[in-house]
Amino acid sequence: MTRMTFTASMIEDRYLHDWTGTRYGVPAGLERPASTQDLVRVVRDCARRAGSLAIQGGRTGVSGGAAPGDRETVLSLERLDRVVDFDTRAGVIIVGAGMILQDLQRAVEVEGWSFPLDLASRGSCQIGGNIATNAGGSRVIKYGNVRESVLGLEAVLADGSVLGPPNRLIKNNAGYSLASLLVGSEGTLGVITRAALRLVPLPQVRRTALLALEPATPLADLVHRCRRTLRESLSAFEVMWPDFVTEAMGRDPTARHLPESFSGVRVALLEVEGDDDAMLGRTLEHCLLAMVETGLLRDVVLSVSSRDARDLWAIREAVGDLQATIRPYVGFDLGMATAGHDAFVAKARERLSRCDPPVRSFFFGHAGDGNLHAIVGPCCTPESRHAVEEALYRLLEPLTTSVTAEHGIGRKKKQYLAHSRSADDIRAMKTLKAALDPHGVLNPGRIFDLDH
Ligand SMILES: Cc1cc2nc3c(=O)[nH]c(=O)nc-3n(C[C@H](O)[C@H](O)[C@H](O)COP(=O)(O)OP(=O)(O)OC[C@H]3O[C@@H](n4cnc5c(N)ncnc54)[C@H](O)[C@@H]3O)c2cc1C
């Protein structure tokens, strides 16, 4: 028996909030089970005393889903952090849900495989949290969201029953795909305890380029041309608007060496991967040169080493530092066609310029997959937060755009769910929740509130 129970007064601060730092209440206790059987006992005990669990992965989420509310018991998956099985010939690995993403990436690379999900929070987020949020990250343009890598799951339901063992077959149509239902369910339908994951062969080489866009260049045209020319080698296409670039370059010593041509313009970060270094380099240079010659790009910086590439990525991944300058901030994670990004940013800026008290904003995103991010702050009162949220969400086309492309609804975006999902969709989601967890044992009040 390896179950460890902590009472409220023994709980460390880090278990009380996610990455945003927002707290929602005082939890009743903390459970850190080390096996599925222990976790089943935790869930059953909790259900028996009509309690609720706040399920936690690495707490890098930004929607408030992992943060406990009053009297909820924190259920941390951090001890389920092992490789359970690794078929190195088939490229299929089964891991505990608490395994840190970066540990998983390293473990498979040793054997010549790659787990394609990559996010700046890789050193802390867990695979269970990634699956529960259907995480996206920087390589969605090539590999899709984490959903594409999940073959099967083991999960504990609110009544203590255990789904599994996780499917590990590439093809298996025997009944409903319960794993697909759990992906992106943000801990509201089941606790993910193990995942069977599909790997891809590790690319031998990656190259990164930073592009300074001409002011008139339509972002969507640039993405389209890169996709057409670079084809399946294109693995990331990120974009940053000028304020983001200026602030990030001011904070990152390596970035200061970028040419002046990168100031005051949108900057894209592009990554290609493949097995033939010379051919990859030639294709990339040819593609970028053509775009400079046709006036789409003002300038280009190419990485010549992996250290160089890391320095270029550091500009895009400086987002954590930028957040610190405008705390408390409102984070946006919008989904819309890339062709609409520039116009949206212009309108959003115009609306934000009317905010009182004034706010600063930084726009950036995964342009290759239509995911536009913004951080806006400081928003020190609920009123100013609400004003900023309304300013941007009201600009979204109802139902055909998303208030959350990759972070999830959690607690923070509940009131905006109906912007992106129809009333019938939401009713069906509530029916599922009520059927699988009628007493609200697992993550109650996340995504939506049940009408009792
Ligand atoms: C610097 C930074 C960069 C980021 N970049 C990206 C990005 O590019 N793309 C992206 O998608 N996200 C990004 N994120 C957000 C975050 O890292 C992801 O949402 C991540 O997938 C959360 O994983 P976690 O283990 O930290 O989950 P947590 O924050 O612990 O939990 C997130 C949600 O999942 C639930 N959950 C956690 N584990 C389980 C489980 N085992 N079973 C059931 N439910 C569970 C929680 O209850 C909660 O609702 C970023 C965050 C930071 C801080």
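Reading guide: rules and limits
- Residues numbered from 1 in each chain as written.
- Predicted model: local features only at pLDDT ≥ 70, side-chain atom pairs only at ≥ 80, totals over all residues.
- Heavy atoms only, no water.
- Buried < 20%, exposed > 50% of the residue type's maximum accessible area, 1.4 Å probe, protein only.
- Helix = DSSP H or I, 4+ residues; strand = E, 2+ residues; numbered from the N terminus.
- Arc of directions from axis to C-beta.
- Contact = heavy atoms within 4.5 Å.
- 1 Å grid on protein atoms, 1.4 Å probe; cavity = no way out; pocket = protein on both sides within 12 Å on 5 of 7 lines; lining within 4 Å.
- Points joined across faces, edges and corners; volume = space filled by probe spheres on them.
- Nonpolar A, V, L, I, M, F, W, Y, C, P; charged D, E, K, R; others polar.
- Domains from an automatic or database assignment.
- Pairing = 2+ DSSP bridges.
- Axes fitted to C-alpha atoms, helices over the stretch in contact; angles between N-to-C directions.
- Near = heavy atom within 4 Å.
- Polar contact = N/O pair within 3.5 Å; in protein donor to acceptor, adjacent residues only side chain to side chain.
- Areas by Shrake-Rupley, 256 points an atom, 1.4 Å probe, with all protein chains shown as cover.
- Expected span 1.5 Å × (residues − 1).

1. A look at helix α2 (residues 101-109)
Phase 1 of the analysis: Within α2 the residues assigned to the buried category are L101, L104, Q105 and V108. For α2, the arc enclosing every buried residue in end-on projection is 100°, short of the 170-degree limit, so these residues lie on one face.
Phase 2 of the analysis: Looking at the buried side of α2, the elements it contacts are β5 (83-87), β6 (92-96), β7 (113-114), α3 (127-132) and β10 (191-198).

2. Quick word on the layout of surface pockets
Phase 1 of the analysis: Roughly 810 Å³ of internal volume is contained in the second largest pocket.
Phase 2 of the analysis: Surrounding the second largest pocket, 27 residues form its lining, R139, R206, E271, S306 and R310 being those nearest its centre.
Phase 3 of the analysis: Contributions of two or more residues to the lining of the second largest pocket are made by α2, β12 (205-213) and α9 (306-316).
Phase 4 of the analysis: Residue contributions to the lining of the second largest pocket peak at five residues, all from α9.
Phase 5 of the analysis: For the lining of the second largest pocket, a count of residues per class yields eight nonpolar, eight polar and 11 charged.
Phase 6 of the analysis: Looking at which domains feed residues into the lining of the second largest pocket, each of domain 2 (83-201) and domain 3 (205-319) gives three or more.

3. Some words on the sheet that holds strand β2 (residues 29-31)
Two strands in a sheet stick together by hydrogen bonds in their backbones, pointing the same way (parallel) or opposite ways (antiparallel).
Phase 1 of the analysis: Overall, mixed pairing links the four strands, which are arranged β1-β2-β4-β3 in an open sheet. Strands with a single pairing partner mark the edges of an open sheet, and in this sheet they are β1 (5-7) and β3 (53-56). Looking at each pair of strands side by side, their axes are set apart by 20° on average, direction ignored.
Phase 2 of the analysis: Note that β3 and strand β4 (residues 73-76) share four bridges and pair parallel. Note that in β4 the partner of I55 across the bridge is L75.
Phase 3 of the analysis: Taken strand by strand, helix α1 (residues 36-48) contacts β2, β3 and β4, and its axis lies near 155° from that of β3.

4. Describing empty space enclosed by the protein
Phase 1 of the analysis: In the structure shown here, the tally under the stated rule is one cavity of 30 Å³ or more.
Phase 2 of the analysis: Computed from the structure, the largest cavity encloses a volume of approximately 60 Å³.
Phase 3 of the analysis: Lining the largest cavity are P116, L117, D118, G136, R139, V140, Y143, G144, N145, V146 and S149.
Phase 4 of the analysis: Here the lining of the largest cavity is built from residues that sort into five nonpolar, four polar and two charged.

5. A word on the site of the ligand
Phase 1 of the analysis: The environment of the ligand is formed by 34 residues, the closest being I55, T60, G61, S121 and N443.
Phase 2 of the analysis: Here T60 contributes a side-chain N or O atom positioned 2.6 Å from an oxygen atom of the ligand.
Phase 3 of the analysis: One of the backbone nitrogen or oxygen atoms of G61 is found 2.7 Å away from an oxygen atom of the ligand.
Phase 4 of the analysis: Out of a free accessible area of 970 Å², the ligand has 95% covered by protein chains.

6. Section: helix α6 (residues 219-230)
Phase 1 of the analysis: Helix length check: α6 (12 residues) gives 16 Å between terminal C-alpha atoms against 16 Å at 1.5 Å per residue, within 8%.
Phase 2 of the analysis: Three or more residues of α6 are buried, namely L219, L222, V223, C226 and L230. The buried residues of α6 occupy an angular sector of 100° when the element is viewed end-on, so they sit on one face.
Phase 3 of the analysis: Tucked inside the fold, the buried residues of α6 contact β12, β13 (234-240), β14 (267-274), α8 (277-293), β15 (297-302) and α11 (341-352).
Phase 4 of the analysis: Looking one or two residues past α6, R231 carries a phi angle of roughly 50°, positive in sign.

Note that every value here comes from positions in space, so none of it alone points to a role or purpose.
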